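Okay, here's what each chain looks like letter by letter:
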Amino acid sequence: MGKYLIRRLLQLIPVLFIISFIVFALVYVAGDPVALMLPEDASQEDIEQLREALGLDKPFHIQYLSYMLGIFQGDFGDSFRYGSSALPIVLERLPATLELAVAAMVVAIVIAIPLGIWSATKQNTPMDLLATGGAVIGKAMPNFWLGIMLILLFSVTLGWFPVSGRGTFSHLILPAITLGTGIAAEMTRLIRSSMIEILSQDYIRTAQSKGIHDFFVIYKHAFRNSLIPVVTITALQTSTLVGGTLITETVFSWPGLGQLLIQAVNTRDMAIVQASVFVIAFMVILMNLLADIVYKLLDPRIKYN
């Protein structure tokens with residue numbers, strides 16, 4: 001296990017290198033940020049001077065080499081919008097995004113696990129159709145639409161929760177529900193299908209024939225053995241979770257990494273965009289590694305070569 005983890009950590013280096021190249025290339029072709037940094041009446045001489053000062057007049061490969069040298073030193077460049085180093089600004093917003101992501105995952109788990117188990121044990125009944133239908137609807141609803149509807153109902157009409165911002169627990173509820181609903185729908189369907197397969201196994205029927213209470217049969221035997229595919233989809237949902245924060249944070253004015261990235265894209269703040277995407281990619285890769293560790297904890301028979 002130790003050698004496997006070391007090998008996986010070493011594999012992060014080329015993956016992050018490829019990601020950094022793709023992000024830098026996309027930002028490079030997106031347009032000249034100098035046009036946004038200077039007033040409209042700026043002369044061509046002023047534009048050229050600023051381009052030269054920022055190093056944007058150099059060829060692509062020279063700019064990329066300078067960018068990579070900065071990354072190795074933990075420097076993604078300076079944000080022209082904030083006038084300071086980009087990475088500390090991104091890391092300052094990261095706790096808010098992690099708070100929202102964890103809350104959304106908790107919402108998804110609280111909804112998906114009991115609903116998926118209940119649907120599997122009531123297979124092909126009206127209750128099962130209701131649960132699976134609700135999962136399909138939850139998956140189909142866009143985050144931005146659901147967020148707006150929740151704001152209109154619970155914030156504007158009923159006045160139960162704040163419309164936007166971050167500060168108290170009440171600020172977190174609507175964004176977490178918005179972000180967690182789609183993930184819960186995907187997890188519910190997977191838990192249901194996995195549980196149906198496990199419940200048809202011989203050892204489950206043997207446990208039931210011995211008179212073991214259904215609660216222990218379902219939760220101790222069946223559910224634990226169905227968790228590995230659930231962990232897999234949960235790890236894969238990390239990218240969906242991060243992508244969902246971009247929309248959710250914008251709808252609820254949540255001061256996290258997603259909102260910062262959207263603003264940076266709109267203003268072509270290249271340093272913030274590159275640092276944000278790099279940090280997000282690193283988070284997703286670490287979540288996949290964490291999923292492999294959880295596999296081993298759930299099933300000691302799993303061997304890593």
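Residues numbered from 1 in each chain as written. Predicted model: local features only at pLDDT ≥ 70, side-chain atom pairs only at ≥ 80, totals over all residues. Heavy atoms only, no water.

Novice: Can you help me understand the side chain of Thr181 in this one?
Specialist: With respect to the helices and strands, Thr181 occurs in helix 8 (residues 169-199). Classification of Thr181 as buried rests on a relative accessible area of 18%. (Helix = DSSP H or I, 4+ residues; strand = E, 2+ residues; numbered from the N terminus. Buried < 20%, exposed > 50% of the residue type's maximum accessible area, 1.4 Å probe, protein only.)

Novice: Where do I start with the packing of helix 5 (residues 86-121) against helix 8 in this structure?
Specialist: Think of two packed helices as two axes; the pair is described by the angle between the axes and how far apart they sit. Put simply, helix 5 and helix 8 touch, their axes get as near as 5 Å, and they point 35 degrees apart. Judged by the twist between their axes, the crossing of helix 5 over helix 8 is right-handed. Looking at side-chain class alone, the contact of helix 5 with helix 8 contains 25 nonpolar, five polar and two charged residues. (Axes fitted to C-alpha atoms, helices over the stretch in contact; angles between N-to-C directions. Left-handed = near helix turned anticlockwise from the far one by under 90°. Nonpolar A, V, L, I, M, F, W, Y, C, P; charged D, E, K, R; others polar.)

Novice: Even after reading the chapter, I still don't get the packing of aromatic side chains, so can you show me in this structure?
Specialist: For any pair of aromatic rings, the description rests on two quantities: the centre-to-centre distance and the angle between the ring planes. Taken as a whole and judged by the stated rule, the model has four aromatic pairs. Ring geometry for Phe17 against Tyr64: centres 6.4 Å apart, planes inclined by 70 degrees, an arrangement best described as edge-to-face. With Phe17 in helix 1 (residues 2-30) and Tyr64 in helix 4 (residues 60-72), this pair connects stretches of sequence that are 47 residues apart. On the basis of relative accessible area, Tyr64 is assigned to the buried category, the value being 10%. On the numbers, 6.3 Å between centres and 65 degrees between planes, the contact of Phe154 with Phe161 is edge-to-face. With relative accessibility at 21%, the residue Phe154 sits in the partly exposed group. Aromatic ring contacts, followed pair by pair, group Phe17, Phe21 and Tyr64 into a single cluster. (Phe/Tyr/Trp six-rings, centres within 6.5 Å; stacked < 30°, edge-to-face > 60°.)

Novice: Would you mind showing me how to read the confidence of the model for the protein chain here?
Specialist: Residues shown with low pLDDT carry predicted positions that ought not to be read at fine detail. Per-residue confidence for the protein chain gives a mean pLDDT of 78, with 77% of residues at or over 70. Considering each helix and strand of the protein chain separately, the mean pLDDT is smallest for helix 2 (residues 34-37), with a value of 64, and largest for helix 7 (residues 143-157), with 88. (pLDDT = per-residue confidence, 0-100.)

Novice: Just to check I follow, could you spell out the nonpolar core for this structure?
Specialist: One finds Tyr67, Phe76, Leu257 and Val279 to be the most contacted residues of the largest nonpolar core, which totals 30 residues. A per-element tally of this core places helix 13 (residues 270-298) first, with ten residues. Beyond its immediate chain neighbours, meaning those up to four positions away, Leu257 contacts Val90, Arg93, Leu94, Thr97, Glu249, Ser276, Val279 and Ile280. If you look at the next biggest cluster of nonpolar residues, it comprises 24 residues, including Ala104, Ala120, Ile218 and Val230. (Core = buried A, V, L, I, M, F, W, Y, C linked by side-chain atoms within 4.5 Å. Contact = heavy atoms within 4.5 Å.)

Novice: Quick question: what am I supposed to make of the pattern of salt bridges here?
Specialist: Side-chain pairing between opposite charges can occur once the charged atoms of the two side chains come close. Scanning the entire structure with this criterion turns up one salt bridge. Notably, a salt bridge pairs Glu99 with Arg166, separated by 2.6 Å at the nearest N-O pair. Of this pair, Glu99 sits in helix 5 while Arg166 sits in the loop between helix 7 and helix 8, and the two are 67 residues apart along the sequence. By relative accessible area, Glu99 is classed as partly exposed at 30%. (Salt bridge = Lys/Arg side-chain N within 4 Å of Asp/Glu carboxyl O.)

Novice: I keep staring at the packing of helix 6 (residues 126-140) against helix 8 and nothing clicks. Help me out?
Specialist: Two elements in contact, helix 6 and helix 8, have axes whose closest approach is 7 Å; the angle formed by their N-to-C orientations is 140 degrees. Put simply, helix 6 runs oblique to helix 8. Crossing of helix 6 over helix 8 shows left-handed handedness. Contacts between helix 6 and helix 8 pair Asp128, Thr132, Ala135, Gly138 and Lys139 from the former with Thr181, Gly182, Ala185, Glu186, Thr188, Arg189 and Arg192 from the latter. Its residues assigned to classes, the contact of helix 6 with helix 8 comprises two nonpolar, five polar and five charged. (Parallel < 35°, antiparallel > 145°, perpendicular 65-115°, else oblique.)

Novice: I would appreciate a short explanation of a nonpolar patch on the surface in the present structure.
Specialist: Together, Phe144, Trp145, Ile148, Met149, Leu152, Val156, Val163 and Ile247 make up an exposed nonpolar region whose accessible area comes to about 700 Å². No other element matches the six residues that helix 7 contributes to the nonpolar patch. With respect to the helices and strands, the residue Trp145 is situated in helix 7. Here Trp145 falls in the partly exposed class, since its relative accessible area comes to 40%. (Patch = residues over 30% accessible without salt bridge, like charges linked within 9 Å, V, L, I, M, F, W, Y side chains within 5 Å. Areas by Shrake-Rupley, 256 points an atom, 1.4 Å probe, with all protein chains shown as cover.)

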